[in-house]
Amino acid sequence: MYYSPVCLCCVVISRQLLSLSNCTPLAVEQFPHDQFSALQRRQGAIVLHALLAAYMFVALALVCDDYFVPSCERICQGKSRSLLTPLIATVTVMCRFV
């Protein structure tokens, strides 16, 4: 089997890069530490986490219903934007900020 010199050079360089240690910390290490110990989580503190997550989802839904949806409907009301449906406007705004 024949390999070109350029291809062999790339293989050597890629193997050298793979042997280097990672100079950036893992993404998991960048999260804040939990306020509860492992024992407290096993004894029921995980329920507090679940309740807090549910509360935050409800709060996000309320804020979106009160502010985001009316603003997207307002964008669609203009005469020059008569072809813009509320669904398209919402998706466009969401894609712009994500």
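Look a little higher up for the structure.
From a predicted model like this one, the values you see are computed outputs, not experimental measurements.

Once that is clear, we can look at the overall build of the chain. A count of helical and extended segments in the chain gives three helices and zero strands. Beginning at the N terminus, the succession of helices and strands in the chain can be written as α-α-α. Here the chain holds 98 residues, and the buried ones make up 5% of them. When the accessible area of the chain is evaluated, it comes to approximately 9300 Å², of which 69% is carbon and sulfur surface.

Here we come to a nonpolar patch on the surface. A surface patch of nonpolar side chains, about 360 Å² in accessible area, is lined by Leu 26, Val 28 and Phe 31. Judged by relative accessible area, Phe 31 falls into the exposed class, the value being 59%.

Moving on to the pattern of salt bridges. When their charged atoms lie close together, side chains carrying opposite charge are able to pair. Scanning the entire structure with this criterion turns up one salt bridge. A salt bridge links Arg 41 to Asp 34, with the shortest nitrogen-to-oxygen separation between them at 2.9 Å.

Turning our eyes to something else, we now look at helix H2 (residues 38-75). Between its terminal C-alpha atoms H2 stretches only 49 Å, short of the 56 Å expected from 38 residues at 1.5 Å a residue. At Gly 44, H2 is bent by approximately 80°, the largest bend along its length.

This paragraph deals with the packing of H2 against helix H3 (residues 86-97). Put simply, H2 and H3 touch, their axes get as near as 9 Å, and they point 115° apart. Two packed elements cross with a definite hand, and for H2 against H3 that hand is right-handed. Here Phe 68, Cys 72 and Ile 75 of H2 come into contact with H3, specifically with Ala 89, Thr 90, Val 93 and Met 94. When grouped by side-chain class, the residues that make up the contact of H2 with H3 number six nonpolar, one polar and no charged.

Structurally, Leu 87 can be placed in helix H3. The spatial distance from the C-alpha of Leu 87 to the C-alpha of Glu 73 is 9.1 Å, given a sequence separation of 14 residues.

Reading guide: rules and limits
- Once a new chain begins, its residue numbering starts again from 1 and follows that chain's sequence as written.
- The predicted origin of the model limits local features to residues at a pLDDT of at least 70 and limits the giving and counting of side-chain atom pairs to 80 or more, whereas totals for whole chains, interfaces and linings rest on all residues.
- In computing side-chain properties, one takes all heavy atoms of the structure into account and sets aside hydrogens as well as water.
- Numbering of helices and strands runs from the N terminus; a helix is a DSSP stretch of H or I covering at least four residues, while a strand is a stretch of E covering at least two.
- Here the term buried applies to any residue with accessible area under 20% of the maximum for its type, exposed to any over 50%, and partly exposed to those in between, with areas from a 1.4 Å probe on protein chains only.
- Only the protein chains shown count as covering a residue, and every accessible area follows the Shrake-Rupley method with a 1.4 Å probe.
- Nonpolar side chains (Val, Leu, Ile, Met, Phe, Trp, Tyr) are joined into patches within 5 Å and like charges within 9 Å, using only residues with over 30% relative accessible area and no salt bridge.
- Definition used for salt bridges: Asp or Glu carboxyl oxygen within 4 Å of a side-chain nitrogen of Lys or Arg.
- Here a helix's expected span is defined as the number of its residues, less one, multiplied by 1.5 Å.
- Bend at a residue means the angle formed by two fitted axes: the first through the 7 residues ending at that position, the second through the 7 residues beginning there.
- All axes here are fitted lines through C-alpha atoms, helices being fitted over the stretch that makes contact, and every angle between N-to-C directions spans 0 to 180 degrees.
- Left-handed is the label given to a crossing in which the near helix is rotated counterclockwise from the far helix by less than a right angle, and right-handed is the label when the rotation is clockwise.
- The criterion used for residue contact is that any of the two residues' heavy atoms lie within 4.5 Å.
- Lys, Arg, Asp and Glu make up the charged group, whereas Ala, Val, Leu, Ile, Met, Phe, Trp, Tyr, Cys and Pro make up the nonpolar group; the residues left over, Gly among them, are polar.

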